Amino acid sequence: MQARSAVMDFSGADRHAAAVDGLGRRYELPLAGLFTHWHRALRVAETGTFEKAEAACRAAAAGLDGAGMPGLERGLLPLTLFCLRMRHGEPYGSDPDADWGPHEPWVTPLRLLEDGRHTEAGKLLRKLPEPPRVCCRRLFGT
């Protein structure tokens, strides 16, 4: 789904999502549906209005409670809404009390920039660690 979506092949991604949904039902894997729900929210974010996309993302996030996936359960909704606002040219207007989870270090400089706090944002950007990398060799031993 992700690879097909990344190249804007939404019909291909939809076919993969349908297959994932089928496997999730067949093998009683409820998290499979969580991922396809997020895929469908992404589709709305790319093809629909800001309001429809925000509603779709909030609906997808409702399934995260208790999922037990750090970085998704904590922080994904605020990060998604932040990116959605950027994508649609809306003011970021992020909630100062939002739980950004592990995404906070990368979002804070952007929030500071929007507030006109360029010097602080620059200092934080220079201190940022590299984002975690995923290596196929580490995952698959190839």
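No experiment lies behind these values; they were computed from the predicted model shown. (Residues numbered from 1 in each chain as written. Predicted model: local features only at pLDDT ≥ 70, side-chain atom pairs only at ≥ 80, totals over all residues. Heavy atoms only, no water.)

Caption draft 1: Region of the structure containing the pattern of salt bridges. Across all of its chains, the model carries eight salt bridges by this definition. Of the charged contacts, one joins Asp9 and Arg4 as a salt bridge, the two residues approaching to 2.9 Å between their closest N and O atoms. The exposure class assigned to Arg4 is partly exposed, which follows from its relative accessible area of 33%. The partner of Arg85 in a salt bridge is Glu54, and the shortest N-O contact between them spans 3.9 Å. Here Arg85 is found in helix H5 (residues 76-87), whereas its partner Glu54 is found in helix H4 (residues 50-61), with 31 residues between them in sequence. The exposure classification of Arg85 matches that of Glu54, with both residues buried. Each member of the salt-bridge network shares a partner with another, and the members are Glu54, Arg58 and Arg85. (Salt bridge = Lys/Arg side-chain N within 4 Å of Asp/Glu carboxyl O. Buried < 20%, exposed > 50% of the residue type's maximum accessible area, 1.4 Å probe, protein only. Helix = DSSP H or I, 4+ residues; strand = E, 2+ residues; numbered from the N terminus.)

Caption draft 2: Local environment of the side chain of His39. Tracing the chain through its elements places His39 in helix H3 (residues 30-47). Reaching out from His39, the side chain makes a polar contact with the side chain of Asp14 at a distance of 2.9 Å. Here His39 is in contact with Met1, Ser5, Ala13, Asp14 and Ala17, once residues within four sequence places are set aside. (Polar contact = N/O pair within 3.5 Å; in protein donor to acceptor, adjacent residues only side chain to side chain. Contact = heavy atoms within 4.5 Å.)

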